[in-house]
Amino acid sequence: MNERASCRGLADETDEELLRLLARYPDPAARADVYAVMAERHRPVVLRFIAGRVDADDAPDIVQDTFVDAFRYFDRYTSLGPPYQLEAWLVEVARRRVLKHWSRGRKERPGTADGAVEELKERERVVEAGHDLIRLERVHRLLETVFESLDDDQRDLYRLRNLGGLTGREIAARKGEDPNTVSKACTKFDKLVAKRFHVLLLVRDGGTRCAVLGELLANHERQNGPGYTAALAERVVEHYSTCRTCGNCSMCRTTQQRLIWQAAPVAIPVILAAAFRERVDLAMQEVSDSTGVPSRSPQEPPSPSGPPDGRPPAPGKGRTIRRRAVRTGAAVAVTALLALLALRALNAGAAPNAAPDQRAAAASAVTSAMLEQKLVAFDIDARPPGDPNFFVGQGRLDMSRKPVRAATHVLYDYGEGHNWTPPDIVLVGGSAYVTPDNTPATKGAGAYGTTKVVPVTDTVTDLSVRNALEAQWLAQPADLAALIAKASGFTEKKVKGSGPTLRGTAALSDLAADPTVGAFYRPYLKTSTSGTATFTLTTDSRHLPMSLTLNIPVTRTDGYADEKPVDTFGITYRNWVDGKPITATDPKKPTPQWGGTA
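Calculation criteria
Residues numbered from 1 in each chain as written. Predicted model: local features only at pLDDT ≥ 70, side-chain atom pairs only at ≥ 80, totals over all residues. Heavy atoms only, no water. Pairing = 2+ DSSP bridges. Helix = DSSP H or I, 4+ residues; strand = E, 2+ residues; numbered from the N terminus. Axes fitted to C-alpha atoms, helices over the stretch in contact; angles between N-to-C directions. Contact = heavy atoms within 4.5 Å. pLDDT = per-residue confidence, 0-100. Parallel < 35°, antiparallel > 145°, perpendicular 65-115°, else oblique. Left-handed = near helix turned anticlockwise from the far one by under 90°. Nonpolar A, V, L, I, M, F, W, Y, C, P; charged D, E, K, R; others polar. Phe/Tyr/Trp six-rings, centres within 6.5 Å; stacked < 30°, edge-to-face > 60°. Buried < 20%, exposed > 50% of the residue type's maximum accessible area, 1.4 Å probe, protein only. Core = buried A, V, L, I, M, F, W, Y, C linked by side-chain atoms within 4.5 Å. Salt bridge = Lys/Arg side-chain N within 4 Å of Asp/Glu carboxyl O. Expected span 1.5 Å × (residues − 1). Polar contact = N/O pair within 3.5 Å; in protein donor to acceptor, adjacent residues only side chain to side chain. Arc of directions from axis to C-beta.

### Digging into the sheet that holds strand E5 (residues 431-435)
Next up, step 1: The antiparallel open sheet is built from eleven strands, whose spatial order is E6-E5-E4-E3-E2-E1-E11-E10-E9-E8-E7. Each end of this open sheet is capped by a strand with a single partner; those strands are strand E6 (452-455) and strand E7 (487-493). In this sheet, adjacent strand axes meet at a mean angle of 15° when their direction is disregarded.
Next up, step 2: Contacts from helix H16 (residues 356-373) reach strand E1 (375-382), E7, strand E8 (501-507), strand E9 (532-539), strand E10 (545-553) and strand E11 (566-574) within the one sheet, and its direction differs from that of E7 by about 65°.

As structure tokens, this is what we get:
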């Protein structure tokens, strides 16, 4: 069977069956076709996720590293275990790559710390909205305008690369030119198109916030008529890069950055589609080269062994063919001895459930460590983007009081054309103090509206208060204690230089009965397909939580049943002990309390 026929046959298989095939085949050559189908099927979702969180210049590299991480994980651990949520797992791999990019790159760049932190906050608010056909149509219309600004040679390349979807090597073969030369030209051209598109976003905004830009656009139209040209694009770049009237026009740069990150999840996968395909192909080539075995199709499998429990790999050193040398490992011989070793590895990973005493001790260690610190800040990402109940943001917990107090700054991110201005909600006792945030229209005391007090119940209908409650329920010690204590398949893995990583699956019926956090889980008793919640909790050497990932499979009725079959919640803890105790909001002097050092 040739490669094309093999991939066509595998394309009809479900993700679960593809993962089961990986579990059956230790032969790297037999797995290559499965990798190809996985990459083709899930590449769009991974692209949309990454595009909304990093620069266009960095996105292809991170896409490549994401798939290298994923395929190397499969080569090492064979496959994923139930519930076989491949797409959600790949997005989490991408998330870790993005976090590594930020932690080692932009945030630490000398001289730009303040701006970079604000930029990161803005990016974290971006909605992954690649399914939004209205926004997609707008991107295509804007790209038609960009096309008109190109010269004849650039238009020919645009037709081949952006409309035809050809890689650099495919274009070189068609033209009979040197592949390396054409590939370099394509990379340079991708950056040009992205830059023209980004400038066009600012031009279409019309200089509404900058009088100098508005006059520049008006003068260009009077002299040259309406239209977007290369000369206009360069003039606008010169304006916001060197304009002295506006102080190098930081206003225009800020406006453009906002417009870029609103459009990025839809625009960047379209503009860099061919570049992303090249990078995924390189990722597959890198993994293939490390085994020294060419791709071929699998034969009839032997009796399957159960796939191990999987978790997204921590980002590796990220060697990519384009940027770094690729280590070539020795060819893997598929022998009975290898199969035996793989089977032993699988059996070793499927450890029996921990004893209740072990779970209780783990829960006590985590909650005691948290309560001793009293204060903590956290970031939260709740449910898949596009879900009606999706929200993102930040918050703080004050664990010195009972019940735990919280201050939150969370809201659904509506995406393009909408300012993201969550209310400041303080949860004290049975009340929610809700203060509207009117920024960035105003600053100082005038940035906040009138505080209202909303009674808190488990069935509160105010969506903003509900979001705040869910953030409080998920982040507080009682939730972590319930997940650990009620878990089946519980594992506690020691991590060198850090604390243990805890994993398990808890029955929703058990969690729903918890007096403190049960209100969060009870609605899932009707919608969950598995009746369970699976979690991964990482801790530091003091047993303080660093991150929590919670997955609940759901039955959807909103049109996204295949696209978003799992409600995923991610919490990152930070700034232990920092800040002041949380108090009920003073309506006369509303002061935000949700920041890391508030």
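### A few points about the confidence of the model for the protein chain
Close inspection of predicted coordinates is inappropriate in any region flagged by low pLDDT.
Next up, step 1: On average, residues of the protein chain carry a pLDDT of 75, and 71% of them reach 70 or more.
Next up, step 2: Long-range and interchain partners of residues 1-5, a stretch whose pLDDT sits below 50, account for four contacts in this model, where long-range means more than four residues apart.
Next up, step 3: Across residues 243-247, where pLDDT falls below 50, the model places eight contacts with residues more than four positions away in sequence or in other chains.

### A short note on the packing of helix H8 (residues 152-163) against helix H9 (residues 168-175)
Next up, step 1: Between H8 and H9, the shortest axis-to-axis distance is 10 Å and the interhelical angle comes to 125°. On the basis of their axis angle, the class for H8 and H9 is oblique. Along this stretch, H8 crosses H9, giving a crossing that reads as right-handed. Each of Leu 157, Leu 160 and Arg 161 in H8 lies in contact with H9, whose residues at this interface are Gly 168, Ile 171, Arg 174 and Lys 175.
Next up, step 2: Here the residues of the contact of H8 with H9 are counted per class, giving three nonpolar, one polar and three charged.

### What to know about the packing of aromatic side chains
Next up, step 1: Tallied over the full model, the rule gives eleven aromatic pairs.
Next up, step 2: A centroid spacing of 5.9 Å and a plane angle of 55° characterise the contact between Phe 520 and Tyr 524, whose relative ring orientation is tilted. The pair Phe 520 / Tyr 524 is uniform in exposure class, with both members buried.
Next up, step 3: In textbook terms, an aromatic cluster arises when at least three aromatic residues are bridged by ring pairs, as seen for Tyr 35, Phe 67, Phe 71, Tyr 73, Phe 74 and Trp 89.

### Quick look at the nonpolar core
Next up, step 1: Counting residues in hydrophobic clusters, the biggest one holds 84 residues, and the most contacted among them are Ile 50, Phe 74, Trp 89, Phe 197 and Val 236.
Next up, step 2: Among the nonpolar cores identified, the runner-up in size contains 56 residues, and Ile 380, Ala 487, Leu 537 and Leu 548 belong to it.

### Here's the deal with the pattern of salt bridges
Next up, step 1: In this structure the tally under the stated criterion is 19 salt bridges.
Next up, step 2: Between Glu 16 and Arg 20 there is a salt bridge whose closest N-O contact spans 3.0 Å. Remark: Arg 20 and Glu 16 occur in helix H2 (residues 15-24); sequence separation between them is four residues, near one turn of the helix.
Next up, step 3: We classify Glu 16 as partly exposed; its relative accessible area is 34%.
Next up, step 4: A single salt-bridge network, built from bridges that share partners, covers Glu 92, Arg 95, Arg 96 and Asp 381.

### Let's talk about the packing of H16 against helix H18 (residues 477-485)
Next up, step 1: Contact geometry for H16 and H18: axes closest at 8 Å, N-to-C directions at 170°. The orientation of H16 relative to H18 falls into the category roughly antiparallel. Residues Arg 359, Ala 362, Ala 363, Val 366, Thr 367, Met 370 and Leu 371 of H16 form the contact with H18, whose own contacting residues are Pro 477, Leu 480, Ala 481, Ile 484 and Ala 485.
Next up, step 2: Looking at the contact of H16 with H18 residue by residue, the classes come out as ten nonpolar, one polar and one charged.

### Examining H8
Next up, step 1: For H8, spanning twelve residues, the distance from its first C-alpha to its last is 15 Å, which sits close to the expected 16 Å at 1.5 Å a residue.
Next up, step 2: Buried within H8 are the following residues: Arg 155, Leu 157, Tyr 158, Leu 160, Arg 161 and Asn 162.
Next up, step 3: Sitting at the amino-terminal end of H8 is Asp 151, which places a side-chain oxygen 3.2 Å from the backbone nitrogen of Asp 153.
Next up, step 4: Backbone geometry just downstream of H8 places Gly 165 in the positive-phi region, at approximately 70°.

### Description of H9
Next up, step 1: Along H9, the positions that sit buried rather than exposed are Gly 168, Ile 171 and Ala 172. The buried residues of H9 occupy one face: seen down the axis, they fall within an arc of 100°. Away from its buried face, by an angle of more than 90 degrees, H9 presents the exposed residues Arg 169, Ala 173 and Arg 174.
Next up, step 2: Directly after H9, the chain includes Gly 176, whose backbone phi takes a positive value near 70°.

### Overview of unusual backbone geometry
Next up, step 1: The linkage connecting Lys 402 with the following residue, Pro 403, adopts the cis geometry, with an omega of -5°.
Next up, step 2: Within the secondary structure layout, Pro 403 lies in the loop between strand E2 (391-398) and strand E3 (405-411).
Next up, step 3: Unusually for a residue other than glycine, Lys 374 sits at a positive phi of about 75°.
Next up, step 4: With a phi close to 75°, Val 577 is a non-glycine residue in the positive phi region.
Next up, step 5: Mapped onto the secondary structure, Val 577 falls in the segment after E11.

### Some points on the environment of Ser 498
Next up, step 1: Assignment of secondary structure puts Ser 498 in the loop between E7 and E8.
Next up, step 2: The class of Ser 498 is partly exposed, set by a relative accessible area of 25%.
Next up, step 3: Through-space distance from the C-alpha of Ser 498 to that of Thr 539 is 7.0 Å; in sequence the pair is 41 residues apart.
Next up, step 4: Discounting residues that sit within four places of it in the chain, Ser 498 has contacts with Thr 539, Asp 540, Ser 541 and Met 546.

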